[in-house]
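Below are the chains, spelled out letter by letter.
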Amino acid sequence: MSLRLLSPLLLLGLGACGPDAEPAGRFPLALTMERAVANDVQALQVAVVSRGSSRSCTEIQRTCLGTQVRRDDLVVLKDTQGREGRALRFPVDLATLQSGGSLELAVDVPVGRDYALVIEAITTGTPPGFLGSSCNYLREVNAGDNAPVIAAPLTLTGGDCNPSIAP
Amino acid sequence: MHAHGWRLRGWALLLVLGLGARPGWSRPLFPEPVLSQLGPASPAITEAREQFDQGEFEDARRTLLEGLDAPDLTDDQLVEMYRLLGLTALYLGDEPQARDAYEKLLQARPDYELPRSSPPKLRALYARIREDIKSRRVRPVTLDVDPIPDPPGGEPVVVEASIQDLALGARARLFYRRAGDEAYNSVDFARERGPDGRPRERYRAVLPAYEVPTEAEAYEMEYYFEVADAAQRRLAGRGDSFQPLIFQVAPRAMRAGAAADPSSRPWYKSPWLWVGVGAVAIGATAGIVALTSGEERGRVPITIRVEPPTP
């Protein structure tokens, strides 16, 4: 058999090797919220920005994310109920949080590299208000196990901006 | 009795003259430490000290400001110049300049103490500045630097940055390591100088070529930028040791691709061509399958807690 016929077959054979597909990865991220934020927060808005290393998290945390990035810069997220959007909102149970309990969220992020994950504390009135945000660089998101990340504390920033992001 | 009264008046006059005299005149009564023993020498420092000791404060300030513009000053010389400039500015009633000079001095030497013989007004100002620095109310350093694009390998990687308000004695460094290694190495950013020899706000660091060799396989380098003061406190940065930035060094095959041996067999007879065609076909098929079967995702659980109340 000639070499030029063998090569694609060899590649096909090699492609069949390797581990089986892994289950969706766990990516633990613990976030501390400043008490001043917890007094007013009504929802948390989670978004993931592409090309994270080219962003300045310090700048991002100063005001609403939606005013600083283009819609195309945000990756489409999914929550555990199957909701999809470039920013997902999760209502906050204030009583649980203030009594020392924790709030557990989860978002499914496309596997990839160089993200920034931004969690914004907002009020849900009309219009919604921005209280503060936590911006975190995510080097990569694997389908398998991911390294733990210590999230930047969510501190009260405030600002005259509308945090809404179109889905 | 009359003679005793005149003697008393004479002592009182001497005392008043001594207290009210300008610093240069009061030296015999309240000797200052010898300035030349307090720091390193340079022509500007020597001249400024003489002017200061003779009460020519404006001249001393001018000499010091010109001296600070000179290239290649050592840190010790800069510290001494800022110390003298702070003192001179205070005697001239220019507290903002005195504060600016002492802030720079303190950022370079956080443990610097004024001589005990320093005037009370100077000691009070100095104490206030120390408090400001402790509570970080001083002007922050700003670092503006772009991430490093993926380099070809085997060549030095040059990184340029803009740094504003870099404190005296502070250093800007690029830390790097091969992904998977434990320890970081570092190279310093050096300040660029304009055509006139004066320093600019632009800085440059060079990652040596031997740190990013070309290899058969691509590999990743982790890195971060950091500006730290003399006490190794981080003043500014981009990325950090726990969350470094990454660039990928291209494999040898990519570099050598364009420089193939011209005496080799015709391109269409190369087995690698057909390997490549096969790989593209497999990749395209896999891509189509992946697209049609949905995007692969990783789950990101997030736990939110409220900070505990402060006691």
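Note that the structure is predicted; figures quoted are calculated from it, not measured. (Residues numbered from 1 in each chain as written. Chains lettered and ligands numbered in written order. Predicted model: local features only at pLDDT ≥ 70, side-chain atom pairs only at ≥ 80, totals over all residues. Heavy atoms only, no water.)

**Some points on the pattern of salt bridges**
Threshold: Salt bridge, as used here: a side-chain nitrogen of Lys or Arg that lies within 4 Å of a carboxyl oxygen of Asp or Glu. Whether a residue is buried, partly exposed or exposed follows from its accessible area with a 1.4 Å probe, protein chains only, as a fraction of its type maximum: under 20%, in between, or over 50%, in that order. Secondary structure elements are taken from DSSP: a helix is a run of H or I of four residues or more, a strand is a run of E of two residues or more, and numbering for both begins at the N terminus.
Applying the stated rule across the entire model yields 18 salt bridges over all chains. Where Glu59 of chain A meets Arg62 of chain A, a salt bridge forms, and the shortest distance between an N and an O atom there is 2.6 Å. According to the relative accessible area criterion, Glu59 of chain A is partly exposed, its value standing at 41%. As a salt-bridge pair, Asp59 of chain B and Arg62 of chain B come within 3.0 Å of each other at their nearest N and O atoms. Remark: Arg62 of chain B and Asp59 of chain B occur in helix α4 (residues 57–68); sequence separation between them is three residues, near one turn of the helix. Of the residues examined, Asp59 of chain B reaches a relative accessible area of 30% and is grouped as partly exposed. The partly exposed category is assigned to Arg62 of chain B, whose relative accessible area is 46%. One continuous salt-bridge network, built from bridges that share partners, spans Arg51, Arg55, Arg70 and Asp73 of chain A.

**Topic: the pairing of strand β3 (residues 171–178) of chain B**
Residues and elements named next belong to chain B. Using the following cut-off: Whether two strands pair comes down to DSSP finding at least two bridges between them.
With respect to burial, β3 is a largely interior element, six of its eight residues being buried. Two strands pair when backbone bridges link them, and β3 and strand β4 (residues 185–188) are joined in this way by four bridges, in the antiparallel orientation. Bridge assignment links Phe175 to a residue of β4, and that residue is Ser186. Two successive antiparallel strands, β3 and β4, enclose a turn made up of six residues, where Gly180 displays a positive phi of approximately 105°.

**Let's talk about the sheet that holds strand β5 (residues 87–91) of chain A**
All names here are of chain A. For clarity, the cut-off: All axes are obtained by fitting lines to C-alpha atoms, using only the stretch in contact for helices, and the reported angles, taken between N-to-C directions, cover 0 to 180 degrees.
One open sheet holds the four strands; their spatial order is β5-β2-β7-β8, and the pairing between them is antiparallel. Each having just a single partner strand, β5 and β8 (129–141) make up the two edges of the open sheet. Strand-to-strand twist across the sheet, computed as the mean angle between neighbouring axes with direction ignored, equals 20°. Across eleven bridges, the pairing between strand β7 (residues 112–123) and β8 is antiparallel.

**Focus on the packing of aromatic side chains**
Rules: Stacked, edge-to-face and tilted are the three classes for Phe, Tyr and Trp ring pairs, Trp counted by its six-membered ring, which pair at centre distances within 6.5 Å; planes under 30 degrees apart are stacked, over 60 edge-to-face, the rest tilted. Counted as over-ring charges are cases with an Arg CZ or a Lys NZ within 6 Å of the ring centre that also lie within 35 degrees of the ring normal.
Considering all chains together, one arrives at nine aromatic pairs over all chains under this definition. Summarising the aromatic geometry, the rings of Phe57 of chain B and Tyr91 of chain B are spaced 5.1 Å apart at their centres and angled 10° between planes, so their arrangement reads as stacked. Placement of Phe57 of chain B in helix α4 and of Tyr91 of chain B in helix α5 (residues 75–91) is noted, with a sequence separation of 34 residues between them. Classification of Phe57 of chain B as buried rests on a relative accessible area of 7%. Residue Tyr91 of chain B is classed as partly exposed on the basis of its relative accessible area of 32%. Through a chain of ring-to-ring contacts, the aromatic side chains of Phe189, Tyr223, Phe225 and Phe247 of chain B assemble into a single cluster. Sitting over the ring of Phe90 of chain A, Arg83 of chain A keeps its end group 5.7 Å from the ring centre.

**Description of the packing of helix α3 (residues 43–53) of chain B against α4 of chain B**
Residue and element names in this part refer to chain B. Defined as follows: Should an angle fall under 35 degrees it is taken as roughly parallel, and over 145 as roughly antiparallel, whereas 65 to 115 is taken as roughly perpendicular and any remaining angle as oblique. Put simply, a crossing is left-handed when the front helix is turned counterclockwise from the back one by less than a right angle, and right-handed when it is turned clockwise. The contact rule is simple, with two residues in contact once any of their heavy atoms fall within 4.5 Å.
The N-to-C vectors of α3 and α4 enclose an angle of 165°; their axes lie 8 Å apart at closest approach. For the element pair α3 / α4, the angle class is roughly antiparallel. Seen along the crossing, α3 lies across α4 with a hand that is left-handed. Between α3, through Ala44, Glu47, Ala48, Gln51 and Phe52, and α4, the contact on the second element is made entirely by Phe57, Asp59, Ala60, Thr63, Leu64 and Gly67.

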